[in-house]
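Fold and contact review
One-letter residues, chain by chain:
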Amino acid sequence: MVERKIRKIFEKCGWYVVRAGGSLGKADLVCLKDGKCILIQVKSTKKKYIYYNEYMKNKFLGFDFYVVVDFAYRGAIITKPKKKITIDDGKKLEEFLREN
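Figured I'd write up the structure that's included with this text. (Residues numbered from 1 in each chain as written. Predicted model: local features only at pLDDT ≥ 70, side-chain atom pairs only at ≥ 80, totals over all residues. Heavy atoms only, no water.)

Section: the packing of aromatic side chains
To describe a pair of aromatic rings, you give the distance between the ring centres and the angle between the ring planes. We apply this condition: Stacked, edge-to-face and tilted labels apply to pairs of Phe, Tyr and Trp rings (six-membered ring for Trp) whose centres lie within 6.5 Å, assigned for plane angles under 30 degrees, over 60, and everything in between, in that order. Only protein chains enter the accessibility calculation, which uses a 1.4 Å probe; a residue is then buried when its area is under 20% of its type maximum, exposed when over 50%, and partly exposed in between. Remark: a charge is flagged as sitting over a ring if the NZ atom of Lys or the CZ atom of Arg is within 6 Å of the ring centre and within 35 degrees of the ring normal.
The final tally for this structure, using the stated rule, is five aromatic pairs. Ring geometry for Phe10 versus Trp15: centroids 5.7 Å apart, planes at 80 degrees, classification edge-to-face. For the pair Phe10 and Trp15, one class covers both residues: buried. Each residue in the set Tyr55, Phe60 and Phe65 is aromatic and connected to the rest through ring pairs, giving one cluster. The side chain of Lys80 reaches across the aromatic face of Tyr66, ending 4.1 Å from its centre.

Put into structure tokens, the structure is as follows:
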């Protein structure tokens, strides 16, 4: 499952990650590190883009909200929610994690 893959990437970079499942409704993962809390919705595709029609705000319950898209062998990116997400949107997940 892609959620597990993304969770392991976050954990390797020192984040404590909890799979939210249906408890929050909007986020798949709750990620905590150094006083930060970010909420992640995880998606995957083999295409160069994905249409996202779920939660569209940058914050949820006051916490930063991101979409992580795993583009299979092209890698994963992290971005704020938007209707069409491409491999060129946001940041490479590894780059984001090095900075945070």
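Side note on the pattern of salt bridges
Convention followed: Salt bridges are identified by distance alone: a Lys or Arg side-chain nitrogen within 4 Å of an Asp or Glu carboxyl oxygen. By definition, any uninterrupted DSSP run of H or I lasting at least four residues is a helix, any uninterrupted run of E lasting at least two residues is a strand, and each is numbered from the N terminus.
As enumerated under the stated definition, the model contains eight salt bridges in all. In this structure, Arg7 and Glu11 form a salt bridge, with 3.0 Å as the shortest nitrogen-oxygen distance. Pair noted here: Arg7 and Glu11 are both in helix α1 (residues 2-12), with a separation of four residues, about one helical turn. Its relative accessible area of 30% is what places Arg7 among the partly exposed residues. A residue is classified by how much of its surface remains accessible, and Glu11, at 35% relative accessible area, is partly exposed.

A look at unusual backbone geometry
Its identity is not glycine, yet Asp34 carries a phi of approximately 50 degrees, on the positive side. Assignment of secondary structure puts Asp34 in the loop between β2 (29-33) and β3 (36-44). In this structure Asp34 comes out as exposed when scored by relative accessible area, which is 70%. Residue Ala72 is not a glycine yet carries a positive backbone phi of 55 degrees. Relative to the helices and strands, Ala72 is located in the loop between β6 (63-70) and β7 (76-79).

A short note on the pairing of β3
Our working rule: At least two bridges found by DSSP between two strands is the condition for calling them paired.
Across the nine residues of β3, seven count as buried, placing the element largely inside the fold. Where β2 lies against β3, five bridges are found, and the strand directions are antiparallel. Across the sheet, residue Leu32 finds its bridge partner in β3, namely Cys37. Connecting β2 to the antiparallel partner β3 that follows it, the hairpin turn spans two residues, and Asp34 within it adopts a positive phi of roughly 50 degrees. Where β3 meets β6, seven bridges bridge the pair, whose relative direction is parallel. Across the sheet, Leu39 pairs through a bridge with Phe65, a residue of β6.

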